[in-house]
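# Secondary and tertiary structure notes
Listed below, chain by chain, are the residues.
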Amino acid sequence: MTKVLPLAQLDAYLKQYLDKKRQVHFLPPYRSENKIKLANWLNLPIHLLKEKASLSFIKAVVAQRSIKSVEEIEELDRAASISADIHLMVMQQAKPGMYERELAAKIQGAALASGGNLAYPVILTVRGEILHNHYHGNQLKDGQLVLNDSGVETALGYAGDLTRTFPVGKKFSAEQKDVYDIVLNAYTHGKNLLAPGVRYLDVHLASCKMLAQGLKDIGLMKGNIDDAVQAGAHAMFFQCGTGHMMGLDVHDMEDLGEQYVGYTDELIKNTTQFGLKSLRLGKALEAGYVLTVEPGVYIIPELIDRWKAANQFAEFINYDKLEQFRNFSGIRVEDDFLVTETGSRMLGKHLALTTDEIESIRSEAY
């Protein structure tokens, strides 16, 4: 039997259990107002709430929410499809002379018009090397790349999360095309590995090796690729993780603790190695998981200067060649995937992915 009481009685209800020294299970609160309420209800200092949160409750919620139901998958498919439509609109309307904010406004307007909202603040930038860049004040100029990382949240709260990178002009430069294809190859390799029982950590490392091999082929990296990735030298170009869980939030259940959402008691997250410590998901995949695959290459001038001055990973990074790419910016490709019983499938509809597909759209943009 379920018994429902008025919220006004919650304080007294909890007090009777606290007086009996019984444990009250609660999840770590995310919103400030909920922290204050919980602190008052449980007679705990706010700074102790995270420490006192129930680990068994956290693990139970993660186990339940990680496997998506048929109804949830329908919503996530819908979120991805609407997001793809909006990305296509941006590719069709962007042109030199526009400001980033004009395109970001179009994305937000289309998200609201869909009946939902943005799943997260729009990342639309010609400075793609700045990860999670929410500044929208730059003017688009021919020769630059636009990185658009945006997604729609449906009215029921389920998120889409897509990224495409396209030229401000009608075509990629030869250099941009080379790097884009390196990223696309890493994306394709990573998404093809998705299946029940496969550790996402291994998907990430395989994608990193594919990136590193491509960068070696164009002269930016050198030496043994396996050794380079193990040492973390590839993080000069790829400083973050290949993907994360998705659902009712774009980084699903992130407030419950990354170690519990993306890892297990047996697989502890590496929190020290640059690049690897930013991988949100590492555990073995199960049918019903929804996640992203989003490799990228980001050329960060400040990082070049820092590592070059320290002669860091000189056996793996061709710093002389890298100087020619100093102002390259960044490229990312991202889609959302459902892990199935036999492998995986992409959520939503197809969105232009190859350089030929993107250039075809850009050829008619202005």
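Residues numbered from 1 in each chain as written. Predicted model: local features only at pLDDT ≥ 70, side-chain atom pairs only at ≥ 80, totals over all residues. Heavy atoms only, no water.

### Quick notes on the side chain of glutamate 294
- Within the element layout of this structure, glutamate 294 appears in the loop between strand E6 (290–293) and strand E7 (296–298).
- Judged by its relative accessible area of 10%, glutamate 294 is buried.
- A distance of 3.1 Å separates a polar atom in the side chain of glutamate 294 from a polar atom in the side chain of histidine 244.
- Of note is the side chain of glutamate 294, whose polar atom sits 2.8 Å from the side chain of threonine 292.
- Beyond its immediate stretch of four places on either side in the chain, glutamate 294 contacts Asp161, Phe238, Gly241, Thr242, Gly243, His244, Arg332, Val333 and Glu334. (Helix = DSSP H or I, 4+ residues; strand = E, 2+ residues; numbered from the N terminus. Buried < 20%, exposed > 50% of the residue type's maximum accessible area, 1.4 Å probe, protein only. Polar contact = N/O pair within 3.5 Å; in protein donor to acceptor, adjacent residues only side chain to side chain. Contact = heavy atoms within 4.5 Å.)

### Remarks on the pairing of E6
- Burial of E6 is two-sided: the residues Val290 and Thr292 facing one way and the residues Leu291 and Val293 facing the other way are all buried.
- Pairing analysis gives four bridges linking E6 to strand E9 (residues 335–339), with the strands arranged antiparallel. Pairing of threonine 292 across the sheet is with aspartate 336, part of E9. (Pairing = 2+ DSSP bridges.)

### A closer look at the packing of helix H5 (residues 70–93) against helix H13 (residues 355–362)
- Between H5 and H13, the least distance of the axes is 8 Å, while the angle of their chain directions is 60°. The angle between H5 and H13 falls in the class oblique. Along the contact surface, H5 presents Leu88, Met91 and Gln92, while H13 presents Ile358, Ile361 and Arg362.
- When its residues are assigned to classes, the contact of H5 with H13 shows four nonpolar, one polar and one charged. (Axes fitted to C-alpha atoms, helices over the stretch in contact; angles between N-to-C directions. Parallel < 35°, antiparallel > 145°, perpendicular 65-115°, else oblique. Nonpolar A, V, L, I, M, F, W, Y, C, P; charged D, E, K, R; others polar.)

### Notes on the nonpolar core
- Tyr200, Met236, Phe237, Leu291 and Leu322 are the most contacted members of the largest nonpolar core, which totals 98 residues.
- Not counting residues within four places of it along the chain, the set of residues in contact with leucine 291 comprises Leu194, Tyr200, His244, Met245, Met246, Leu281, Leu285, Asp335, Asp336, Phe337 and Val339.
- Counting 12 residues, the second largest nonpolar core, distinct from the first, contains Leu76, Tyr158, Val250 and Val290. (Core = buried A, V, L, I, M, F, W, Y, C linked by side-chain atoms within 4.5 Å.)

### Brief notes about the pattern of salt bridges
- On inspection of all chains with the given rule, the structure shows 21 salt bridges.
- In the salt-bridge network here, residues are joined through shared partners; they are Glu254, Glu258, Lys269 and Arg280. (Salt bridge = Lys/Arg side-chain N within 4 Å of Asp/Glu carboxyl O.)

### A word on the sheet that holds E6
- Spatial strand order, E6-E9-E10: three strands in an open sheet with antiparallel pairing. Each edge of the sheet is formed by a strand with only one pairing partner; in this case those strands are E6 and strand E10 (344–346). In this sheet, neighbouring strand axes are inclined to one another by 35° on average, regardless of whether the strands run parallel or antiparallel.
- Across the sheet, helix H7 (residues 174–192) touches E6, E9 and E10, and the angle it forms with E9 is around 15°.

### Examining the sheet that holds strand E5 (residues 162–167)
- Strands sit in the order E2-E3-E5 across an open sheet of three strands; the sheet is antiparallel. In this open sheet, the two strands that pair with only one neighbour each are strand E2 (123–125) and E5. Between one strand axis and the next, the sheet turns through 10° on average, direction left out of account.
- Looking at chain direction, E2 and strand E3 (residues 145–150) are connected through three bridges and run antiparallel. Across the sheet, the residue bridging to isoleucine 123 is aspartate 149, located in E3.

### Notes on the environment of cysteine 208
- Looking at the element boundaries, cysteine 208 is found in helix H8 (residues 200–217).
- According to the relative accessible area criterion, cysteine 208 is buried, its value standing at 0%.
- Spatially, the C-alpha atoms of cysteine 208 and threonine 272 are 17 Å apart, while their sequence positions differ by 64 residues.

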